[in-house]
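Remarks on the overall topology
Here is what each chain is made of, one letter per residue.
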Amino acid sequence: MKLSVTGELRVPGDKSITHRALMLAAAAKGESRLAGLLSGADCQSTASALRALGCAVSPIPADGGELRIGSAGLEEWRAPAGWIDCGNSGTTARLLLGLLAGRPFSATLTGDASLRGRPMRRVSQPLAEMGARFHERGEADRLPLTIHGGVLRNHEHRSEMASAQVKSAMLLAGVSGAVPVRVHEPIQSRDHTERLLRSLGVELLQEASDGGWMVALNPSTETLPPLDLQVPGDFSSAAFFIALATLASAGDLCIRGAGVNPTRTGLLPVLGRMGANVAVTNLDEHGGEPTADLLVRPAALRAANVGAAEIPSLIDEVPVLAVMAARADGDTIITGAAELRLKESDRLYTIVRNLRAIGVDAEELPDGLAVRGTGRPLVGAVETRGDHRIAMAFGVLAALPENQIEIDDAAAAGVSFPGFWELLRRVVK
Ligand code: S3P
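Every value quoted in this text rests on a predicted model; they were computed, and no experiment measured them.

From N to C terminus, the protein chain includes twelve helices and 21 strands. Relative to the 2.2 N^0.38 estimate, which gives 22 Å for 429 residues, the radius of gyration of the protein chain is 21 Å and therefore close to what a compact globule would have. The principal-axis extents of the C-alpha atoms in the protein chain amount to approximately 65 × 40 × 40 Å. For the protein chain, the residues scored as buried account for 60% of the 429 residues in total. Partitioning the contacts of the protein chain with sequence separation of at least 6, the portion at a separation of at least 24 is 75%. Total accessible area computed for the protein chain in this model is approximately 15600 Å², and 48% of it derives from carbon and sulfur atoms.

The subject of this paragraph is empty space enclosed by the protein. Inspection of every chain in the model, using the stated rule, returns two cavities of 30 Å³ or more. What the largest cavity holds in volume is close to 60 Å³. Every residue lining the largest cavity is listed: Asp 14, Ile 17, His 192, Pro 232, Gly 233, Phe 235, Gly 259, Val 260, Asn 261, Arg 264, Glu 289 and Pro 290. Looking at the lining of the largest cavity residue by residue, the classes come out as five nonpolar, four polar and three charged. Volume-wise, the second largest cavity comes out at about 30 Å³.

Attention now moves to the nonpolar core. Core analysis: the largest hydrophobic core is formed by 75 residues, its most contacted members being Phe 241, Leu 244, Ile 255, Leu 355, Phe 394 and Leu 397. In terms of residue count, the dominant contributor to this core is helix α7 (residues 235-247) (ten residues). Beyond its immediate stretch of four places on either side in the chain, Leu 397 contacts Leu 247, Val 323, Arg 327, Ile 358, Leu 378, Asn 403 and Ile 405. Counting residues in each nonpolar core, the second largest holds 69 residues, with Ile 17, Val 57, Ala 107 and Val 215 among its members.

This next bit is on the site of the ligand. If you check the shell around the ligand, you find Ser 16, Arg 20, Thr 91, Ser 163, Ala 164, Gln 165, Arg 190, Ile 315, Asp 316 and Lys 343 and nothing else. One nitrogen or oxygen atom from the side chain of Ser 163 is found 2.7 Å from an oxygen atom belonging to the ligand. Separating an oxygen atom of the ligand from a side-chain N or O atom of Lys 343 is a distance of 2.7 Å. Here the ligand has 380 Å² of accessible area as a free molecule, and 96% of this is covered by the chains. At the level of secondary structure, the elements contributing two or more residues to the shell around the ligand comprise α1 (15-27) and α5 (164-177). Residues of the shell around the ligand, tallied by class, amount to two nonpolar, four polar and four charged.

Further remarks concern the sheet that holds strand β2 (residues 29-35). In space, the three strands of this open sheet follow the order β3-β2-β12, with mixed pairing throughout. This sheet does not close on itself; its edge strands, each paired only once, are β3 (67-72) and β12 (228-230). Strand-to-strand twist across the sheet, computed as the mean angle between neighbouring axes with direction ignored, equals 15°.

Turning our eyes to something else, we now look at the packing of aromatic side chains. Evaluated as defined, the whole model comprises five aromatic pairs. Seen in terms of ring centroids, Phe 240 and Phe 420 are 5.9 Å apart; in terms of plane orientation they differ by 75°. Their pairing is edge-to-face. Taken together, the residues span a long stretch of sequence, with Phe 240 in helix α7 and Phe 420 in helix α12 (residues 420-427) at a distance of 180 residues. The structure contains a cluster of three or more aromatic residues connected by ring pairs, namely Phe 240, Phe 241, Phe 417, Phe 420 and Trp 421.

About the cut-offs
- Residues numbered from 1 in each chain as written.
- Predicted model: local features only at pLDDT ≥ 70, side-chain atom pairs only at ≥ 80, totals over all residues.
- Heavy atoms only, no water.
- Helix = DSSP H or I, 4+ residues; strand = E, 2+ residues; numbered from the N terminus.
- Rg over C-alpha atoms; globule rule 2.2 N^0.38 Å.
- Buried < 20%, exposed > 50% of the residue type's maximum accessible area, 1.4 Å probe, protein only.
- Contact = heavy atoms within 4.5 Å.
- Areas by Shrake-Rupley, 256 points an atom, 1.4 Å probe, with all protein chains shown as cover.
- 1 Å grid on protein atoms, 1.4 Å probe; cavity = no way out; pocket = protein on both sides within 12 Å on 5 of 7 lines; lining within 4 Å.
- Points joined across faces, edges and corners; volume = space filled by probe spheres on them.
- Nonpolar A, V, L, I, M, F, W, Y, C, P; charged D, E, K, R; others polar.
- Core = buried A, V, L, I, M, F, W, Y, C linked by side-chain atoms within 4.5 Å.
- Near = heavy atom within 4 Å.
- Polar contact = N/O pair within 3.5 Å; in protein donor to acceptor, adjacent residues only side chain to side chain.
- Pairing = 2+ DSSP bridges.
- Axes fitted to C-alpha atoms, helices over the stretch in contact; angles between N-to-C directions.
- Phe/Tyr/Trp six-rings, centres within 6.5 Å; stacked < 30°, edge-to-face > 60°.

Given below as structure tokens:
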């Protein structure tokens, strides 16, 4: 049985950029034009949160078509009538807390069971130091959480973790409260907020500092101008098709228009060390974000070691990297990735549990995992625990003809990649 993965495809719009574009369009004054937005469940959570705050946001077009958002600006945001449900989306909750910090009203954010299990003090603590007040309505450090926004003061925050959500919440609080903010992080995390703010004329400095990374925002008191943006394809979604075309035995796959922001593409050098055959061509730029076509051909993989310095730039790709490691020659060791325990599921546990369930030798480490590659047919049942990236990563292994893998909740993919399974069926021959 041979698997050929051939053809051309585009993946849906970048999830991180879509959240930010929707929020900034709602914060700007005037009519923004956004195209290529992701219509997945996470971004629907952001759109409905903005509606609850009084912004007129029409449904996100499922085909990537243009969405126009006419907004009267942040000053016109209103206290929501009820609790805001952020669904499964950590980015919605954490970035919105940043914007709400400078608004003179109260709002309560909640989410689904997974999101209610994820830490919020990493954001609420520094925002409280800026002057916002919080009331934890359930468990400590968790949603539901009420924020009482208001007048903010300047702040310099030293984040213990490289987290774009923490960094973005702080920068957005600076915009919302019109106060300067400085954020330090140990390693640079994704910089989409910085790029978008810069494209809107906000003064922002970023540089290596104290062995880590620093971003300083110096907002003006003027309202943000509207956005005109084409959102690139999501590299994190493209990663599943890179894996599929690499693990295939024949074919030639072209993924068009994928975002290749270097703070997101850490998977590529790792795959290079593993012997993968991925060419980055037709480099272009949209709204300050680099894009490219990715040409992928099958390759025999060898194991690799991945350490803390590389993790922020491939944080969401560890599930798909682990399934590729299951088909590589040798032992792949990933460390410095303790943050993965705080994602939509405890991903270190979920990856290892599921690899073992299908017959792969794998081991959880306190801050990472070890995977022993095998050429054996893989057979068994995968429990996604509602985690979209676990469903898709194991979906790649399930598509290989020698394997027999059942996935309990394939629909979980809809959080970030509506149409994933149809696209997969389309390119598999
Ligand atoms: C995101 C940042 C990352 C990432 C998440 C999206 C963002 O989370 O894992 O999927 O859009 O800012 P952390 O900031 O918690 O690392």
